[in-house]
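An overview of the molecular structure
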Amino acid sequence: MGDDLGKLLLRLTVGILMLFHGFAKLKGGIGFLAPMLTNAGLPAWFGYGVYIGEIVAPILIIIGLFARTGAFLIFINMVFAISLAHRAELFMLDKTGGWALELQGLFLFTALALVFMSPGRYALTRRF
């Protein structure tokens, strides 16, 4: 039971916190992504993928339906976010001495951890 509760807590934390970023993109738009994508040689329409990584995937993780797939989508979303928007900060520390990309790193690596574990007992897809 403890493992399942821990998995639920991890899923809810990552899913809800990432969903806030998705809601911000729904409200404010994704126009700011186009220059980053085209500068990287990618088509601007790739920006719509952020809705998959920050709205659809978190919902999958929260409810525990195809949670591993949702976690992988968030992982890919964060790879793009770090490489396109935060590449300059990759080896930097912030003013308090922490890694400048702590938030992005937490999303990246917790999503990766969720890829390798079952969603637990408290999920729509129950795989143990």
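Scroll up to find the structure this text is about.
The present account deals with the structure reproduced in this document. (Residues numbered from 1 in each chain as written. Predicted model: local features only at pLDDT ≥ 70, side-chain atom pairs only at ≥ 80, totals over all residues. Heavy atoms only, no water.)

What follows is about the overall build of the chain. Check the secondary structure of the chain and you find five helices and zero strands. Helices and strands in the chain line up, N terminus first, as α-α-α-α-α. For the chain, whose C-alpha radius of gyration is 15 Å, the value lies close to the compact-globule estimate of 14 Å for 128 residues. For the chain, the spread of C-alpha atoms along the three principal axes comes to 45 × 35 × 25 Å. (Helix = DSSP H or I, 4+ residues; strand = E, 2+ residues; numbered from the N terminus. Rg over C-alpha atoms; globule rule 2.2 N^0.38 Å.)

Any pair of aromatic rings gets described here by the distance separating the centres and the angle formed by the planes. Counting across every chain of the model gives three aromatic pairs. Taking the centre distance of 4.8 Å and the plane angle of 70° together, the rings of Trp-45 and Phe-46 count as edge-to-face. Phe-46 gets classed as partly exposed once you look at its relative accessible area, which sits at 33%. Consider the rings of Tyr-48 and Tyr-51, whose centres lie 6.4 Å apart with planes at 40°: the pair is tilted. On the accessibility criterion, Tyr-48 (55% relative accessible area) is exposed. Judged by relative accessible area, Tyr-51 falls into the partly exposed class, the value being 22%. (Phe/Tyr/Trp six-rings, centres within 6.5 Å; stacked < 30°, edge-to-face > 60°. Buried < 20%, exposed > 50% of the residue type's maximum accessible area, 1.4 Å probe, protein only.)

This part is about the packing of helix H1 (residues 2-28) against helix H3 (residues 49-63). Their axes nearest at 8 Å, the elements H1 and H3 cross at an angle of 150°. Taken together, the axes of H1 and H3 are roughly antiparallel relative to one another. The handedness of the crossing between H1 and H3 is left-handed. Here Arg-11, Leu-12, Gly-15, Ile-16, Met-18, Leu-19, His-21, Gly-22, Phe-23, Lys-25 and Leu-26 of H1 lie close against H3, whose contacting residues are Val-50, Tyr-51, Gly-53, Glu-54, Ile-55, Pro-58, Ile-59, Ile-61, Ile-62 and Ile-63. Here the residues of the contact of H1 with H3 sort into 14 nonpolar, four polar and three charged. (Axes fitted to C-alpha atoms, helices over the stretch in contact; angles between N-to-C directions. Parallel < 35°, antiparallel > 145°, perpendicular 65-115°, else oblique. Left-handed = near helix turned anticlockwise from the far one by under 90°. Contact = heavy atoms within 4.5 Å. Nonpolar A, V, L, I, M, F, W, Y, C, P; charged D, E, K, R; others polar.)

Attention shifts here to a nonpolar patch on the surface. Together, Trp-45, Phe-46, Tyr-48, Phe-72, Ile-76 and Phe-80 make up a nonpolar patch on the protein surface, roughly 630 Å² of accessible area in all. Structurally, the position occupied by Phe-80 is in helix H4 (residues 67-85). Residue classification places Phe-80 among the partly exposed positions, given a relative accessible area of 34%. (Patch = residues over 30% accessible without salt bridge, like charges linked within 9 Å, V, L, I, M, F, W, Y side chains within 5 Å. Areas by Shrake-Rupley, 256 points an atom, 1.4 Å probe, with all protein chains shown as cover. Salt bridge = Lys/Arg side-chain N within 4 Å of Asp/Glu carboxyl O.)

Next up on the list: the environment of Leu-12. Along the chain, Leu-12 turns up in helix H1. In this structure Leu-12 comes out as partly exposed when scored by relative accessible area, which is 28%. Sequence separation of Leu-12 and Ser-118 is 106 residues, and the distance between their C-alpha atoms is 14 Å. In this structure, Leu-12 is in contact with Leu-17 and Ile-62, ignoring residues within four places of it in sequence.

With that out of the way, let us pick up the nonpolar core. Among the nonpolar cores identified, the biggest contains 15 residues, and Met-18, Ile-61, Ala-71, Ile-74, Met-78, Leu-108 and Leu-114 are the most heavily contacted of them. Listed by contribution, the elements that provide at least two residues to this core are H1, H3, H4 and helix H5 (102-115). Contacts of Ile-74, omitting those with residues within four sequence positions, involve Val-14, Met-18, Gly-53, Ala-57, Pro-58, Ile-61, Phe-107 and Ala-111. (Core = buried A, V, L, I, M, F, W, Y, C linked by side-chain atoms within 4.5 Å.)

Residue Phe-66 is not a glycine yet carries a positive backbone phi of 50°. By the secondary structure assignment, Phe-66 is in the loop between H3 and H4. On the accessibility criterion, Phe-66 (47% relative accessible area) is partly exposed.

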